[in-house]
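Here are the chains, one letter per residue:
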Amino acid sequence: MIPSIHSKLPAVGTTIFTVMSGLAAEHNAVNLGQGFPDYDMDSELVGLVNKAMKDGYNQYVPMQGYLPLREAIAEKVHALYGASIDAGSDITITPGGTYAIYTALTTVLRPGDEVIVFEPAYDSYIPNIEVNGATAIRLPLRYPDYSIDWQMVRNAITDRTRVIMINSPHNPTGAVLRASDLEELRKIVSNTNIFILSDEVYEHLVFDGIPHESVLRYPDLMERSFVCFSFGKVYHCTGWKLGYCISNASLMTEFRKVHQYNCFSVHSPSQVALAGFLSNRESYLGLGTYLQEKRDYFTTLMKQTRFDLLSSHGSYFICGTYNRISDEGDSAFAKRLTIEHKVATIPVSAFYKDATDNKVIRFCFAKKRETLESAVEKLARL
Ligand code: PMP
Ligand code: GLN
């Protein structure tokens, strides 16, 4: 008899990023869908990985991650956010930000728990919650600025609320949280048993002079938070799948119990390379300006089209509506755009569990100028 499987995620299909990148490749479309840069990463960092391999750093590092890298991260977050983080007990290197988020949720969630998550939400969040037997309490961000309605959060809290998930800069909308948002969050969670999961993978990609409001700035929040980062986003190497989680010693002890029997340790030579490279502050401090120029260039080019862009203050992304072009649903429109007009984007309904369709699509502008020009030339024909 062949055993039958009862899916733990019956409603989940293939992630939209794989679907749209596959469609883009099949139809030879310019890919402004999945979030990855098409420009080169720093060759010095490539050289350092190469060197680390040649120098023999090819065996396991400790399960927590290569200590000099954790020390470099602790120094960085102290300089940027004034956070006092212990490299020994509070940081774990992970195979990417997504894994860090999954591990943090698995560390704290039990069946029956509730997690407050804002939609549109990065597509891994809700499956990560549900695979742990917990329930996602989905709250809509306010359209069109995608801000959080904190009164709605207050009303959604029950005695089963275990985690509130935040993401700033936000994927897919480019919205960023302000100090006043963090103040609200602090008030709401103080004297509760609620944990915070803060997805800060786009920490350096904040525009228009707005500071990144990291949870790491707030010691009271750090008593209850897991903060997740991605080197892939910082160093233009999304395929490296390397990131880290910062928490406090007692939460991190539990996080590591999950991590050590799932992954154990992460690719050694890249950790050795990054430990050296992280002290080069210019490599990340200039990122916001670099991506802001791309956002602005794309926004200017898009004026030639009948798409209407919403605002984006961070991340790789900007959303847009297409009411002047079509009244199709966003998923059908994004597919037709790829197949017939050779530009791939992401339909924002993919970031809602119930596929809420506000007829918005997401563009990734982390691309070379010529890629953006080629895409807009095609979009201007619609
Ligand atoms: N969170 C968000 C909001 C993201 O956009 C990404 C992008 N990839 C991740 C987490 C995960 O990063 P990684 O590729 O390092 O897993
Ligand atoms: N974070 C990227 C995006 O939002 C994609 C990551 C992935 O493909 N899983 O497009």
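Residues numbered from 1 in each chain as written. Chains lettered and ligands numbered in written order. Predicted model: local features only at pLDDT ≥ 70, side-chain atom pairs only at ≥ 80, totals over all residues. Heavy atoms only, no water.

Participant: Can you walk me through the packing of helix α2 (residues 43-54) against helix α11 (residues 268-277) in this structure?
Facilitator: Each pair of packed helices can be described by the angle between their axes along with the distance between the axes. Two numbers describe how α2 lies on α11: the axes approach to 8 Å, and their chain directions differ by 130 degrees. With respect to their mutual orientation, α2 and α11 come out oblique. Like other packed secondary-structure pairs, α2 and α11 cross with a definite hand, here right-handed. Taken together, the residues of α11 that come into contact with α2 (itself represented by Glu44, Leu45, Leu48, Val49, Ala52 and Met53) are Pro269, Ser270, Val272, Ala273, Leu274 and Phe277. Grouping the constituent residues of the contact of α2 with α11 by class yields 10 nonpolar, 1 polar and 1 charged. (Axes fitted to C-alpha atoms, helices over the stretch in contact; angles between N-to-C directions. Helix = DSSP H or I, 4+ residues; strand = E, 2+ residues; numbered from the N terminus. Parallel < 35°, antiparallel > 145°, perpendicular 65-115°, else oblique. Left-handed = near helix turned anticlockwise from the far one by under 90°. Contact = heavy atoms within 4.5 Å. Nonpolar A, V, L, I, M, F, W, Y, C, P; charged D, E, K, R; others polar.)

Participant: It is not clear to me how unusual backbone geometry should be interpreted in this structure. Could you clarify?
Facilitator: Negative phi characterises most residues that are not glycine, and trans characterises most peptide bonds. Residues glutamate 119 and proline 120 are joined by a peptide bond in cis, for which omega reads 5 degrees. Along the polypeptide, proline 120 turns up in the loop between β3 (114-119) and α5 (125-130). Cis peptide bonds are those with omega within 30 degrees of zero, and the linkage from asparagine 171 to proline 172 qualifies with 15 degrees. Locating proline 172 in the fold gives a position in the loop between β5 (161-167) and α7 (179-189). Unusually for a residue other than glycine, lysine 241 sits at a positive phi of about 50 degrees. Assignment of secondary structure puts lysine 241 in the loop between α9 (231-234) and β8 (243-246). Located in the positive-phi region is lysine 342, a residue other than glycine, with phi close to 65 degrees. Looking at where lysine 342 falls in the secondary structure, it is placed in the loop between α14 (330-341) and β11 (343-344).

Participant: How should I be thinking about the pattern of salt bridges in this particular structure?
Facilitator: As a working rule, side chains carrying opposite charge can pair if their charged atoms are close by. Following the criterion strictly, the structure yields 18 salt bridges and no others. As a salt-bridge pair, arginine 324 and aspartate 308 come within 2.9 Å of each other at their nearest N and O atoms. Of this pair, arginine 324 sits in the loop between β10 (317-321) and α14 while aspartate 308 sits in strand β9 (residues 308-309), placing them 16 residues apart in sequence. Owing to a relative accessible area of 45%, arginine 324 belongs among the partly exposed residues under this scheme. Connected through shared salt-bridge partners, Glu119, Arg138 and Asp354 make up one network. (Salt bridge = Lys/Arg side-chain N within 4 Å of Asp/Glu carboxyl O. Buried < 20%, exposed > 50% of the residue type's maximum accessible area, 1.4 Å probe, protein only.)

Participant: Where do I start with the site of ligand 2 in this structure?
Facilitator: Taken together, Phe17, Gln34, Gly35, Tyr122, Asn171, Tyr202, Lys233, Phe317 and Arg362 make up the full set of residues adjacent to ligand 2. Note that an oxygen atom of ligand 2 is positioned 2.6 Å from one of the backbone N or O atoms of glycine 35. The fraction of the free accessible surface of ligand 2 (300 Å²) that becomes covered by protein chains is 81%. Placement of ligand 2 is best described as lying within the largest pocket. Residues that form the shell around ligand 2 fall into these classes: 4 nonpolar, 3 polar and 2 charged. Mapped onto the domain boundaries, the shell around ligand 2 takes at least three residues apiece from domain 1 (16-41 + 285-379) and domain 2 (56-279). (Near = heavy atom within 4 Å. Polar contact = N/O pair within 3.5 Å; in protein donor to acceptor, adjacent residues only side chain to side chain. Areas by Shrake-Rupley, 256 points an atom, 1.4 Å probe, with all protein chains shown as cover. 1 Å grid on protein atoms, 1.4 Å probe; cavity = no way out; pocket = protein on both sides within 12 Å on 5 of 7 lines; lining within 4 Å. Sits in = over half its atoms within 2 Å of the grid points. Domains from an automatic or database assignment.)

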